[in-house]
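Close look at the chain arrangement
Chain by chain, the residues:
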Amino acid sequence: MNREVTLPLIVDDRGTLQVAAADVSKLLRTVGGRWLRLVEAGQEDLDEDTVAALTIELAKLADRIDVACIAHSSGAASSG
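Labelled according to an unreviewed UniProt entry, the protein appears under the name DUF6213 family protein, originating from Streptomyces kebangsaanensis.

Structure, rendered in structure tokens:
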């Protein structure tokens, strides 16, 4: 199953980015890591397999954001 996720980033009326993509990808990885630590600590109401799957998906999304930013900053992204 391949679903495309679109994350609109907030820009002001001058086009200045208000949410740094690096912060978004870091947040996604931090959330996943926190969930894993809760499972490792024995948090009973968390399903280990579900947490693992969600953490992997968050990391994949963070990776896609990072790759898109690298492509954009290197000039590889087209301006449509």
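Focus on helix H2 (residues 48-73)
In this model H2 runs 37 Å from its N-terminal to its C-terminal C-alpha over 26 residues, within 8% of the 38 Å that 1.5 Å per residue would give. The set of residues buried in H2 consists of Val 51, Thr 55, Leu 58, Leu 61, Ala 62 and Ile 65. Elements that come into contact with the buried residues of H2 comprise helix H1 (21-40). Once H2 ends, the next one or two residues include Gly 75, with phi positive near 85 degrees.

A look at the nonpolar core
In this structure, Ala 21, Val 24, Leu 28, Leu 58, Leu 61, Ala 62 and Ile 65 together form the largest nonpolar core, which totals seven residues. The set of elements that each furnish at least two residues to this core consists of H1 and H2. The dominant element in this core, judged by the number of residues it contributes, is H2, at four residues. Look past the residues within four positions of Leu 28 in its chain and what remains in contact with it is Leu 58, Leu 61, Ala 62 and Ile 65.

A word on the pattern of salt bridges
Counting across every chain of the model gives three salt bridges. Arg 29 is the salt-bridge partner of Asp 63, the closest N and O atoms lying 2.3 Å from each other. With Asp 63 in helix H2 and Arg 29 in helix H1, this pair connects stretches of sequence that are 34 residues apart. We classify Asp 63 as partly exposed; its relative accessible area is 40%. In this structure, Lys 60 and Glu 57 form a salt bridge, with 3.3 Å as the shortest nitrogen-oxygen distance. Here Lys 60 pairs with Glu 57, and both are found in helix H2, just three residues apart, close to one helical turn. Connected through salt bridges with shared partners, the residues Arg 29, Asp 63 and Asp 66 form a single ionic network.

Conventions adopted
- Residues numbered from 1 in each chain as written.
- Predicted model: local features only at pLDDT ≥ 70, side-chain atom pairs only at ≥ 80, totals over all residues.
- Heavy atoms only, no water.
- Helix = DSSP H or I, 4+ residues; strand = E, 2+ residues; numbered from the N terminus.
- Expected span 1.5 Å × (residues − 1).
- Buried < 20%, exposed > 50% of the residue type's maximum accessible area, 1.4 Å probe, protein only.
- Contact = heavy atoms within 4.5 Å.
- Core = buried A, V, L, I, M, F, W, Y, C linked by side-chain atoms within 4.5 Å.
- Salt bridge = Lys/Arg side-chain N within 4 Å of Asp/Glu carboxyl O.

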